[in-house]
Structure formats: C-alpha cells, structure tokens
Amino acid sequence: MTQDETVAVGTDAPSGARPDGEQGNGVAVAFGRQLKLLRVRAGLDRAEFGQRMGYAAQSVASFEQGRRIPQPAFVDKADRLLEAGGLLVALKEELARSQYPAFFRDAARLETEALELYLYAVSAVPGLLQTEAYTRALLAMRRPLLDEDTIEQRVLARVARQEVLKRWPAPLISFVIEEAVMRRPFGGFGVLRGVFEQMLLVGRQRSVEIQIMPTVREDNAGLDGPFTLITCRSGEQLAYLEVQGRSILLTDRDEVRSLSARYGIIRSQALTPQESLGFIEKLLGEL
C-alpha cells in the first residue's frame, strides 16, 4: 500500500499528547474574535447581545473565547443581527467541522454526504443511535478528564450528526452491534432505557437496519474490531477505523473490499433486523 492510500487522521500531535483532549481550535478562536469585534462595534454588551440571541452572557463569552462552538443557527442569526455581511457565515462550514475531535473530522464530513453507511460496533452504541444522556455519560468517563465545555460541545456535535438520519434522499444505513454493548448500563439503567427506545424508533425507518450479534454465536467474523464503511456520492467506498483516540481512513481498494466482504459475513451471522428489534424490545422490558 502506498502512503497516500491510507490517511491517518489526528496523528500529528506531539508525543504523549491526546488529540481527544483538545481545548478548542483555531477556527473557533478566529470566529470568537470576529464575533466580539462585531458585537462591540454594534454597541452591545454580552448580556444584551445574549438576550437578543436567546443565550446567556456566559454562553456568549464561551463562544467569543473559542471554548465552545455555536450551532449553525446561532451563526446565521448573529450574522444578521450584527450586520456582518456574511463574515460570520463564511466560517460556518469550517466551524461545524471543528466541533469534532481532530481524529474524527474527515470521517464526519464524509458521513454527512454518504450514500451508504455500514457500522460494526463492539464497545458502545454507535453515535448515530445515542441519546444526549448516553453520550454525556460516555464523555464523562473519558480519561484524562474532559472539561465541561468540551463535553457539552461534543454532545451537541454528536446530536448534530444524527441529522443524517433525517436527510432526503435518505442514505442506506446498517448497524451491527455486539450483544455485550446492549448490556452495558453506561450512565445507569434509565439512560440505557432511553437508548433502547431511540434504537427502536430509528430501527423502524425504512432506510435503517439494526442487527444484534448474539454473544453465544460460535462464529464471529468481527474479532479484529469495529469499523465503518462509507460509500461516497462518487460510488467510491472507504473504511474508517478508530482506536484509542487515533483513526485511519482507508482508501486502498483491496483493503476496503476485504472489510466490505467481512461486513457481509458479520451481517449474516447476526440476528435479522426483525429479530434484533424484538431482542431490543425484550431487553427494554427487562429494565
């Protein structure tokens, strides 16, 4: 495989550093400075500006200091209110990408445009199926600890990713999830109940299939770990692998073809989508 056939994402941090622990980024800082300059030019203090925007002054301060990344609706409204002439909106796309950990940004961009997404999960419920409470519980467990602003930012970012489930034309999405994942009460059993309800709701969409891989299966082709297959608009299929805050985006055709074949075998070994929804309902009833 040549060097340009495998794209390593988020591996340029100094030795010992963790991209997953980043505190803000250059795009957020640049946006925050522009926002503050425009607010001051308009003669508004943070409290007054926040009131007009529907945000607390503390939130405005976090945006201006680059500690939190605002949602696209905030950017659009602020641009109009401050008569920025598109200056803030011009940063909106890059700002949206920067809300994700460095190692996931390329995959997040591809995910929003995908024709097909195939995900195999072994540790936690995939982000596209998580509730806010479940995501917050996962992030609170991270070590080294994440600060509250980063946790809130990541929660909002993960929820924003779920817009792909509402997109039309809808991408075809397949999940295969290990049964062990379904029995881990991250955040408590109340949080787990919410996730099960979310999975049942999403799993009934015509464009989505959720399958559970029973622990008792004697054959399991997924022992090498989790992965995601992404089919782009061009028809090209890529594979995304992630572990310990590092990721690889594979574009080599032979490697991606191998993973695609493996995913097909994994799907055949798991419960059918209908059986899986019944299994989730059973687990929900036991809580």
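**Some points on the packing of aromatic side chains**
Here the structure, examined in full by the defined rule, presents 8 aromatic pairs. Centroid distance Y120 to F227: 6.0 Å. Interplanar angle 55 degrees. Geometry classified as tilted. You can see Y120 sitting in strand β2 (residues 116–121) and its partner F227 sitting in strand β5 (residues 227–231), a full 107 residues away along the chain. As far as the burial class goes, Y120 and F227 line up, both buried. Taken together, the ring pairs connect F49, Y55, F63 and F74 into an aromatic cluster.

**Focus on the side chain of E178**
Along the chain, E178 falls in strand β3 (residues 172–178). R184 provides the closest opposite charge to the buried, salt-bridge-free E178, at an N-O distance of 8.3 Å. Once you skip the residues sitting within four places of it in the chain, E178 turns out to touch Y120, A121, V122, M213 and N220.

**Considerations on the nonpolar core**
Counting residues in each nonpolar core, the largest one holds 43 residues, and the members touching the most others are F175, I177, M199 and I210. When residues of this core are assigned to their parent elements, the largest contribution, 7 residues, is made by helix α10 (residues 189–203). Residues L38, L44, I69 and L95 belong to the second largest nonpolar core, which totals 17 residues.

**Description of the pattern of salt bridges**
All told, the structure shown has 14 salt bridges when counted by the stated rule. Where K92 meets D76, a salt bridge forms, and the shortest distance between an N and an O atom there is 2.9 Å. Of the two residues, K92 sits in helix α5 (residues 92–98) while D76 sits in helix α4 (residues 72–81), which places them 16 residues apart along the sequence. We classify D76 as partly exposed; its relative accessible area is 23%. Measuring nitrogen to oxygen at the nearest pair gives 3.1 Å for the salt bridge that ties R136 to E152. One end of the pair, R136, is in helix α7 (residues 132–140); the other, E152, is in helix α8 (residues 148–161), with 16 residues separating them in the sequence.

**A few points about the confidence of the model for the protein**
Atom-level detail of predicted coordinates should not be read off regions where pLDDT is low. Residues of the protein with pLDDT of at least 70 account for 91%, and the chain-wide mean is 89. In the predicted structure, residues 1–24 sits below a pLDDT of 50 and forms 47 contacts with residues beyond four places in sequence or in another chain.

**Overview of the layout of surface pockets**
By volume, the largest pocket amounts to about 1,200 Å³. Forming the walls of the largest pocket are 38 residues, and the residues nearest its centre are S123, A124, R142, R158 and E242. Sorting the residues of the lining of the largest pocket by element identifies α6 (105–113), β2, α7, α8, β5 and β6 (237–243) as the ones contributing at least two each. Partitioned by chemical class, the residues of the lining of the largest pocket number 24 nonpolar, 6 polar and 8 charged. Around the second largest pocket, the lining comprises 16 residues; the ones closest to its centre are A96, Y100, A108, R109 and T112. Elements represented by at least two residues in the lining of the second largest pocket include exactly α5, α6 and α8. For the lining of the second largest pocket, the element with the most residues is α6, which contributes 4 residues.

**A word on helix α1 (residues 26–41)**
Here α1 contains 16 residues, and its C-alpha end-to-end distance of 23 Å stays within 8% of the 22 Å for a straight helix at 1.5 Å per residue. Within α1, burial applies to A28, F31, G32, L35, L38 and R39. Along the long axis of α1, the arc covered by the buried residues comes to 135 degrees, so they all point the same way. Of the residues in α1, the exposed ones pointing more than 90 degrees away from the buried face are G26, R33, L37 and R41. Packed against the buried residues of α1 are α2 (46–53), α3 (57–64), α4 and α5. Of the residues flanking the end of α1, it is G43, one or two places downstream, whose phi is positive at about 75 degrees.

The rules behind each value
- Residues numbered from 1 in each chain as written.
- Predicted model: local features only at pLDDT ≥ 70, side-chain atom pairs only at ≥ 80, totals over all residues.
- Heavy atoms only, no water.
- Phe/Tyr/Trp six-rings, centres within 6.5 Å; stacked < 30°, edge-to-face > 60°.
- Helix = DSSP H or I, 4+ residues; strand = E, 2+ residues; numbered from the N terminus.
- Buried < 20%, exposed > 50% of the residue type's maximum accessible area, 1.4 Å probe, protein only.
- Lys, Arg positive; Asp, Glu negative; His and termini not counted.
- Salt bridge = Lys/Arg side-chain N within 4 Å of Asp/Glu carboxyl O.
- Contact = heavy atoms within 4.5 Å.
- Core = buried A, V, L, I, M, F, W, Y, C linked by side-chain atoms within 4.5 Å.
- pLDDT = per-residue confidence, 0-100.
- 1 Å grid on protein atoms, 1.4 Å probe; cavity = no way out; pocket = protein on both sides within 12 Å on 5 of 7 lines; lining within 4 Å.
- Points joined across faces, edges and corners; volume = space filled by probe spheres on them.
- Nonpolar A, V, L, I, M, F, W, Y, C, P; charged D, E, K, R; others polar.
- Expected span 1.5 Å × (residues − 1).
- Arc of directions from axis to C-beta.

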